[in-house]
Amino acid sequence: DAGVTQSPTHLIKTRGQQVTLRCSPKSGHDTVSWYQQALGQGPQFIFQYYEEEERQRGNFPDRFSGHQFPNYSSELNVNALLLGDSALYLCASSEDRGRTYTEAFFGQGTRLTVV
Amino acid sequence: AQTVTQSQPEMSVQEAETVTLSCTYDTSENNYYLFWYKQPPSRQMILVIRQEAYKQQNATENRFSVNFQKAAKSFSLKISDSQLGDTAMYFCAFSTTGTYKYIFGTGTRLKVLA
């Protein structure tokens, strides 16, 4: 099992551009969450997808959007990039069993640099 | 809203010694989990230990144990017999049961010295 895979690993974009980051969840997992981790900080929750719908959202502007595909993989899109969007973007997958705990697995992240 | 606070930005410990990392949290929820995650330079978050809020017994995983004080909303991690491979960022995290959403603290950078 490859676990959670994210692509690309590194990305450099210019201010104002748009970017798409990708995540393939661990086999058997149906829930994908995205986090932004600024340098020296803890990850901040962006949003979560389940059954191809955005189920929860953190305090991020509408420039941040996402999608989940029928195979449970997910994309994070960021429009009109700002310098402050430079961060490590982490994807986490889990299997939704309601109130029964299942372990979330994290990918190695995509390092986005906006110049 | 839930918050997680880690007040120790950096710590160091001699190899084979014991170190304790602190974490406090705030929530009005009754059903939740608390976690400690390790993030080495490879960037991947690795689960170290988990505690269910409804369990009074402190969780233990090999050299790692927690001190969970629910009334004080405190959740510290004790690492015994520290090893060089324990060098990493450690994050305390909170999750309301059934949400699969994690709230992280700002992290503690732990360095194990040879």
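Structure: above.
Read on for an overview of the structure. Chains are numbered independently. Their residues run from 1 in the order of the written sequence. Chains and ligands are labelled by the order in which they are written, letters from A for the one and numbers from 1 for the other. For a predicted model such as this one, the threshold for reporting local features is a pLDDT of at least 70, and the threshold for listing and counting side-chain atom pairs is 80 or more; totals across whole chains, interfaces and linings nevertheless cover every residue. The side-chain numbers reported here are obtained from all heavy atoms of the structure, hydrogens and water having been left aside.

How two aromatic rings sit relative to each other is set out by the distance from centre to centre and by the angle between their planes. Only Phe, Tyr and Trp rings are paired, with Trp represented by its six-membered ring, and only when their centres lie within 6.5 Å; those with planes under 30 degrees apart are stacked, over 60 edge-to-face, the remainder tilted. This model, assessed by the stated rule, comprises 22 aromatic pairs over all chains. Ring geometry for Tyr33 of chain B and Phe35 of chain B: centres 6.2 Å apart, planes at 35°, overall tilted. Given the relative accessible area of 9%, Tyr33 of chain B is considered buried. Since its relative accessible area comes to 1%, Phe35 of chain B is described here as buried. Ring centres of Phe35 of chain B and Tyr102 of chain B lie 4.9 Å apart, and the angle between their planes is 50°; this geometry places the pair in the tilted category. In this pair, Phe35 of chain B is assigned in strand 5 (residues 32-39) and Tyr102 of chain B in the loop between strand 10 (88-96) and strand 11 (103-104), connecting sequence segments 67 residues apart. For the pair formed by Phe35 of chain B and Tyr102 of chain B, the shared burial category is buried. Each residue in the set Tyr35, Phe45, Tyr101 and Phe106 of chain A together with Tyr33, Phe35, Tyr37, Phe91, Tyr102 and Phe104 of chain B is aromatic and connected to the rest through ring pairs, giving one cluster. Relative accessibility thresholds used throughout: buried, under 20% of the residue-type maximum; exposed, over 50%; partly exposed, between the two (1.4 Å probe, protein chains only). Starting at the N terminus, helices and strands are each numbered in turn, a helix being any DSSP run of H or I of at least four residues and a strand any DSSP run of E of at least two.

So, on to the sheet that holds strand 1 (residues 5-7) of chain A. All names here are of chain A. Here we have four strands laid out as an open sheet, ordered 1-3-8-7, and antiparallel in their pairing. Whereas interior strands pair on both sides, the edge strands pair on one side only; in this sheet they are strand 1 and strand 7 (64-68). Taken over all neighbouring pairs, the strand axes of this sheet differ in orientation by 20° on average, direction set aside. Where strand 1 meets strand 3 (residues 19-24), three bridges bridge the pair, whose relative direction is antiparallel. The residue bridging Ser7 from the neighbouring strand is Arg22, located in strand 3. When DSSP locates at least two bridges between a pair of strands, those strands are taken to pair. Every axis corresponds to a line fitted to the C-alpha atoms, with the helix fit spanning only the stretch in contact, and the corresponding angles, defined between N-to-C directions, vary from 0 to 180 degrees.

Glancing now at the environment of Glu52 of chain A. Residue and element names in this part refer to chain A. By the element assignment, Glu52 lies in the loop between strand 5 (44-50) and strand 6 (53-57). Looking at Glu52, the relative accessible area reads 41%, which means it is partly exposed. Sequence separation of Glu52 and Pro70 is 18 residues, and the distance between their C-alpha atoms is 6.8 Å.

Quick look at the pattern of salt bridges now. Residue and element names in this part refer to chain B. Every case where a carboxyl oxygen of Asp or Glu lies within 4 Å of a side-chain nitrogen of Lys or Arg is listed as a salt bridge. By the definition in use, this model includes eight salt bridges over all chains. For Asp26, the salt bridge goes to Lys73, with nearest N and O atoms at 3.5 Å. A residue pair is termed long-range when its members are at least 10 positions apart, and Asp26 in strand 4 (residues 24-26) and Lys73 in the loop between strand 8 (64-69) and strand 9 (74-79) qualify at 47 residues. Relative accessible area serves as the criterion here: at 39%, Asp26 is assigned to the partly exposed category. For Arg63, the salt bridge identified is with Asp86, shortest N-O distance 2.8 Å. Remark: Asp86 occurs in the loop between strand 9 and strand 10 and Arg63 occurs in the loop between strand 7 (60-61) and strand 8; sequence separation between them is 23 residues. There is no split in this pair, since Arg63 and Asp86 are both buried.

It is worth spelling out the interface of chain A and chain B at this point. Residue contacts follow a heavy-atom distance rule, with two residues in contact if any of their heavy atoms lie within 4.5 Å. At the junction of the two partners, chain A supplies 32 residues and chain B supplies 21 residues. Three residues, Arg99, Tyr101 and Phe106 of chain A, lead the burial of chain A against chain B; their summed loss comes to 31% of the area buried on that side. Between N or O atoms, a polar contact is any pair within 3.5 Å; within protein, one atom must be a potential hydrogen donor and the other a potential acceptor, and residues adjacent in sequence are included only when both atoms are from side chains. Across the contact surface, chain A and chain B share 13 residue pairs in polar contact (both at pLDDT 80 or more). Sorting the residues of the side of chain A that touches chain B by element identifies strand 4 (31-37), strand 5, strand 6, strand 9 (87-94) and strand 11 (110-114) of chain A as the ones contributing at least two each. For the side of chain A that touches chain B, the class distribution of residues is eight nonpolar, 17 polar and seven charged. Using a 1.4 Å probe, buried area is obtained as the accessible area two parts lose upon being combined, added over both of them. Basically, the charged four are Asp, Glu, Lys and Arg, the nonpolar ten are Ala, Val, Leu, Ile, Met, Phe, Trp, Tyr, Cys and Pro, and anything else, Gly included, counts as polar.

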